[in-house]
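# Chains, contacts and geometry: an overview
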Amino acid sequence: MPTIGIDAIALAVPEGYLDLADLAAARGVPAGKFVEGLGVQRMSVARQHEDPVALAATAARRLFATSGVDPSTIGLCVVGTETAVDHSKPVAAYLHRLLGLPQECRVFEAKHACFGGTAGLLSALDWIAAGSARGRKALIICTDIARYGLSTPGEPTQGAGAVALLVSDNPRLLALEVGSTGSYAQDVNDFWRPLYSKEAVVDGHHSVQCYLDALAGAYKSWQNASAASGITGELARRCYHVPYGKMAKKAHRHVMQIEGKTEAEADASYTAEVATSLRLPSQVGNIYTGSLYLALASLLEAEAAELEGKRIGLFSYGSGCCAEFFAGTVPAGAGAFADKLEMAAPLKDRRKYTFAEYEQIRLRDDKADQRPVNGDAHGLPAGSVAFVGVDADRRVYIA
Ligand code: HMG
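Bear in mind the structure is a predicted one, so any value in this text is a computation, not a measurement.

### Overview of the packing of helix α3 (residues 52-67) against helix α4 (residues 91-99)
- Where α3 contacts α4, the two axes come as close as 10 Å, and the packing angle between them is 45°. The angle between the axes of α3 and α4 places the two elements in the oblique class. Considering how the two elements wind past one another, α3 and α4 form a crossing that is right-handed. Where α3 abuts α4, its residues Val 53, Ala 56, Ala 57, Ala 60, Arg 61 and Phe 64 lie against Val 91, Tyr 94, Leu 95, Leu 98 and Leu 99.
- Residue composition of the contact of α3 with α4, by class: 10 nonpolar, no polar and 1 charged.

Structural data, given as C-alpha cells:
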C-alpha cells in the first residue's frame, strides 16, 4: 500500500507588511502586548492587486516551479478560503486557467472558516485512497486575507497569504495517517463574517475558549482513532492553527494538561516541539485557511532533515466550528527536498509599510472589487499573478 500525503508546499505573501510595533504605537498600546502578548511581529498587508485569487495562483505557480511537478498531472484542485471573490464562481475556476490545469479535472472551493483548506486536504487523501486519482495528483490551495475592523482588538491578528499543497502518493514531505483522523464540530458563534461585510465579526475571548474546547475534542477523537487502527508512536513535533503565536502556545499547554503534564513540562515541550513552527507565522500574521500549513512549512523549512522518520501532529481549527487532529511521518529524503523547495523565500525582500500607508491601503481596498481595469500592477515580482480590475462584472487577472 503506497503512502499518501503532502508532496510539496509553496507560499505566497503580499509584497508588504506592517510592523506590529508601529501598529501598537499608532493605537497607543505597549508594543509588548502585540509582540510578546500575542506573539506576532509583522502582519502581511494585501494591496488591491493582491486578492485571494492572485495570491493562490502565485503560490501554486511557485509550487510547480520548485517541485518540478507539471500542472498536467493534477486531477483535483480544491481551494480553501473564507475570503472568496464571488458568491458563486469558485477561486478554483479562476485558477484552472491561470495555472493551465487539464480539462479532465475536478475544481471547487471549500468554505468552513479556517478549516476550509483542511477539508480540501482530507478530501484529497480520500480521493487518492479510494482509487479515484488514477495516478494523478491533487492541488490544495489555502488563500485568505484576514481583516478585522480598524482599531478593534482583532486588528493586530490580521494577515494575508496563500499556501499551496501538492498531495500525492509516495509524498516527499509528509506521509499522513489516512483514515485515523480525529474530528470535532459544534455550532458556536465565536467568529463569522456576514454576507454584507468584508470584515470579520468576532467574540475574541470566547473564540479562544471555542478553539481550546475543539482541540480537546479532536485530540481525544484522534487518540481513539489511532488506537483503533493500531497506530502507535510519540509525536516529535506538533503544529497548530495559528491565528497568532500565543494561541498555539495556549493550545499546546491545553494538550499537555490533558496528558497530565505539569506546567514546567508543558513549557519545555513547547520550546522543543512547537516554537519552530511559529517562526513564519510571526512574520505574516493570521492567514486563516493557510495558517496551519504556514506553521508546517516553518517547521519543515528548519528541521525536515532531523525529523526524517519522525511523527508530527497537526491541529486544524475553523470557527463556527469544525476541527481535526491528524498526524503523519516525515519520509527519508525530506530534508534535501525541503531545501530545494525554499519555502520561506517569498518572505525575503518584503517592503515595510508605514502605519499611514497601511491605513491608506485599507481604506482604498474597500472599493477594489468595483474598480475598472487599469493595469496598475506593473513591476510585479517574477511569477506573480495580479488582479487588475473588473470589466463588465468580470474580474481580470494578469500573470
Ligand atoms: P485583547 O483582548 O485586546 O488582548 O485581544 P488581551 O487583553 O487578551 O491580551 C492579549 C495577551 O497579551 C494576553 O496574554 C495579555 O496578558 C498580554 P494571555 O493572558 O492571553 O497569555 N499582554 C501583554 N504582554 C506583554 N506586554 C504587555 C501586555 N499587555 C497585554 N504590555 C484577542 C486578544 C485574541 C481577543 C483579539 O486579538 C482577537 O479578538 N483576535 C481575533 C480572534 C482570534 O484570533 N481568536 C483566536 C481563536 S479562534 C480562531 O483561531 C479562528 C480564526 O482564525 C478564524 C477562522 O477560523 O476563520 C480567528
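### Here's the deal with the nonpolar core
- Ile 9, Leu 139 and Phe 315 are the most contacted members of the largest nonpolar core, which totals 132 residues.
- No other element matches helix α10 (residues 291-307), which puts 10 residues into this core.
- Setting aside residues no more than four positions away along its own chain, Phe 315 makes contact with Tyr 211, Ala 214, Leu 215, Ala 218, Cys 239, Tyr 240, His 241, Leu 292, Ala 323, Glu 324 and Phe 325.
- With 6 residues, the next largest nonpolar core counts Cys 114, Ala 146, Phe 191 and Ala 200 among its residues.

### Observations concerning helix α6 (residues 204-229)
- With 26 residues, α6 ought to run about 38 Å at 1.5 Å a step, and its terminal C-alpha atoms sit 37 Å apart, in line with that.
- Check the buried side of α6 and you find it contacts β9 (182-185), β11 (201-202), β12 (237-240), α7 (245-258), β13 (311-318) and β14 (322-329).
- The first or second residue beyond α6 is Gly 230, which carries a positive phi of 75°.

### Topic: the pattern of salt bridges
- The final tally for this structure, using the stated rule, is 18 salt bridges.
- Here Arg 172 makes a salt bridge to Asp 7, at a shortest N to O gap of 2.8 Å. Placement of the pair is Arg 172 in the loop between β7 (159-169) and β8 (174-176) and Asp 7 in strand β1 (residues 4-12), with a sequence separation of 165 residues.
- For Arg 172, a relative accessible area of 31% corresponds to the partly exposed category.
- Glu 155 is the partner of Arg 27 in a salt bridge, and the nearest nitrogen-oxygen pair spans 2.7 Å. Of this pair, Arg 27 sits in helix α1 (residues 20-27) while Glu 155 sits in the loop between β6 (137-146) and β7; the two residues are 128 residues apart in sequence, bridging distant segments of the chain.
- On the basis of relative accessible area, Glu 155 is assigned to the buried category, the value being 1%.
- Salt bridges sharing common partners tie together Asp 51, Lys 198, Asp 369 and Arg 395.

Thresholds applied
- Residues numbered from 1 in each chain as written.
- Predicted model: local features only at pLDDT ≥ 70, side-chain atom pairs only at ≥ 80, totals over all residues.
- Heavy atoms only, no water.
- Axes fitted to C-alpha atoms, helices over the stretch in contact; angles between N-to-C directions.
- Helix = DSSP H or I, 4+ residues; strand = E, 2+ residues; numbered from the N terminus.
- Parallel < 35°, antiparallel > 145°, perpendicular 65-115°, else oblique.
- Left-handed = near helix turned anticlockwise from the far one by under 90°.
- Contact = heavy atoms within 4.5 Å.
- Nonpolar A, V, L, I, M, F, W, Y, C, P; charged D, E, K, R; others polar.
- Core = buried A, V, L, I, M, F, W, Y, C linked by side-chain atoms within 4.5 Å.
- Buried < 20%, exposed > 50% of the residue type's maximum accessible area, 1.4 Å probe, protein only.
- Expected span 1.5 Å × (residues − 1).
- Salt bridge = Lys/Arg side-chain N within 4 Å of Asp/Glu carboxyl O.

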